[in-house]
Amino acid sequence: ATGPATGDYVAILGTSMASPHVAGAATLLAQANPSWTPAEIQSALMLTTTQTMRKEDGNTPADFFDMGAGRINVDRALQTGLVMNETGANYRAADPALGGDVKNLNTPSMTNAECLIVCTWTRTVTATQAANWSASGESITDGFDISVSPTQFSLQAGQSQTLTVTANMQSSNAGTQHFGNVVLQADGANIPDARLPVVAKASTGTLPELIEIVA
C-alpha cells in the first residue's frame, strides 16, 4: 500500500492505518485537481514528503525501508510544482512474471538491488506551473554518488522534462544498501522542493564461482 500520513512516526508504507489516511489525502488532491490521474496524485504526495523521521526507538534516523518516501504533507502536495504520470498498461507490462522490469516505471522513487558499478534510471516530470528548476543528487549514506542530467531546466505549466539519474557505486561496499535522493528545487518561493528516493545495493557481478571446461 502506498501511503500515510499523520504523526511523526507514521510511514508512507507498511502500517495498517496508512491506507485510510492516504485515501483521504488523495481525495482532497483529486477535488483540488480533477484532471490529475491517480499516478499524478500519488506522485504529488510522495514528492513533497517530510523525511526527517525516526525508527521505533525514537532516536535512530529512519531509512526508506522504514518510512517509504516519508510522511506526507497534504498542504505541500497541493502546492507541488511537479507531478509524474504512468499508465496502467505500463504497470501491467512491468510485471516481472511477464518479463517486465519495474525499474523502468515512471514512479517517484528509484531502486536497484544489483547495481554493478554504475546504474541509471530515467524519470519524466510534468510542471503544474511555470518555474525554473535545478536538479541534483543528495547522498544519505557514504559511498553513494548520485548525479542528475540535466542539472537545470525550465518548464511552463503542462510541459514535461525527462531526467537521467546515475548512481555511481564504485566506492560502495558490495551487498550494502545505500540511500539518497534526487532533489528538484524551483525558483518559486511557494513551490516546495521535490525529492525522489534512490536506493541501490552495490553488486560484484554475477560470475559463477567455478567454470569447468572439457576440451
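Q: How should the nonpolar core be read in this particular structure?
A: Generally speaking, soluble globular proteins have nonpolar side chains that are buried together. Core analysis: the biggest nonpolar cluster contains 30 residues, and Leu 82, Trp 121, Trp 133, Val 182 and Leu 184 have the highest contact counts within it. When residues no more than four places from it in sequence are discounted, the contact partners of Leu 184 are Leu 82, Val 125, Trp 133, Ser 134, Ala 135, Leu 163, Asp 193, Ala 194 and Leu 196. In terms of nonpolar packing, the next biggest core, distinct from the first, is built from 10 residues, Ala 25, Ile 41, Leu 45 and Ile 72 among them.

Q: Explain the pattern of salt bridges here, please?
A: Two side chains carrying opposite charge are able to pair once their charged atoms lie near each other. Using the criterion set out here, one finds four salt bridges in the structure. Between Lys 55 and Asp 66 there is a salt bridge, and its shortest N-O distance comes to 2.4 Å. Here the residue Lys 55 occupies a position in the loop between α2 (38-47) and α3 (64-67), and Asp 66 occupies one in helix α3, the gap between them amounting to 11 residues. According to the relative accessible area criterion, Lys 55 is partly exposed, its value standing at 23%. Looking at Asp 66, the relative accessible area reads 28%, which means it is partly exposed. Three or more residues joined by partner-sharing salt bridges are found here, namely Lys 55, Asp 63 and Asp 66.

Q: Can you help me understand the sheet that holds strand β4 (residues 131-139) in this one?
A: Sheets are built from strands that pair by backbone hydrogen bonding, the pairs being arranged parallel or antiparallel. Read from one edge to the other, the open sheet built from five strands follows the order β2-β9-β8-β4-β6, with strand pairing classed as mixed. Two strands lie at the open edges of the sheet, namely β2 (110-115) and β6 (152-155), each paired on one side alone. The average angle at which neighbouring strand axes cross in this sheet is 20°, direction not considered. Strand direction decides the pairing type here: β4 and strand β8 (residues 177-186), joined by seven bridges, are antiparallel.

Q: So what exactly am I meant to see when it comes to the state of the cysteines here?
A: Here, the word disulfide means a covalent bond between the sulfur atoms of two cysteines. The full count for this structure, using the stated rule, is one disulfide. Shown here is the disulfide that connects Cys 115 with Cys 119, its sulfur atoms set 2.2 Å apart. Classification of the bridge connecting Cys 115 and Cys 119 rests on its S-S torsion, roughly -100°, and on that basis the disulfide is left-handed. Across the pair, Cys 119 and Cys 115 agree in class, each one buried.

About the thresholds
Residues numbered from 1 in each chain as written. Predicted model: local features only at pLDDT ≥ 70, side-chain atom pairs only at ≥ 80, totals over all residues. Heavy atoms only, no water. Core = buried A, V, L, I, M, F, W, Y, C linked by side-chain atoms within 4.5 Å. Buried < 20%, exposed > 50% of the residue type's maximum accessible area, 1.4 Å probe, protein only. Contact = heavy atoms within 4.5 Å. Salt bridge = Lys/Arg side-chain N within 4 Å of Asp/Glu carboxyl O. Helix = DSSP H or I, 4+ residues; strand = E, 2+ residues; numbered from the N terminus. Pairing = 2+ DSSP bridges. Axes fitted to C-alpha atoms, helices over the stretch in contact; angles between N-to-C directions. Disulfide = S-S within 2.5 Å.

Purely spatial values, then, with no claim about function.
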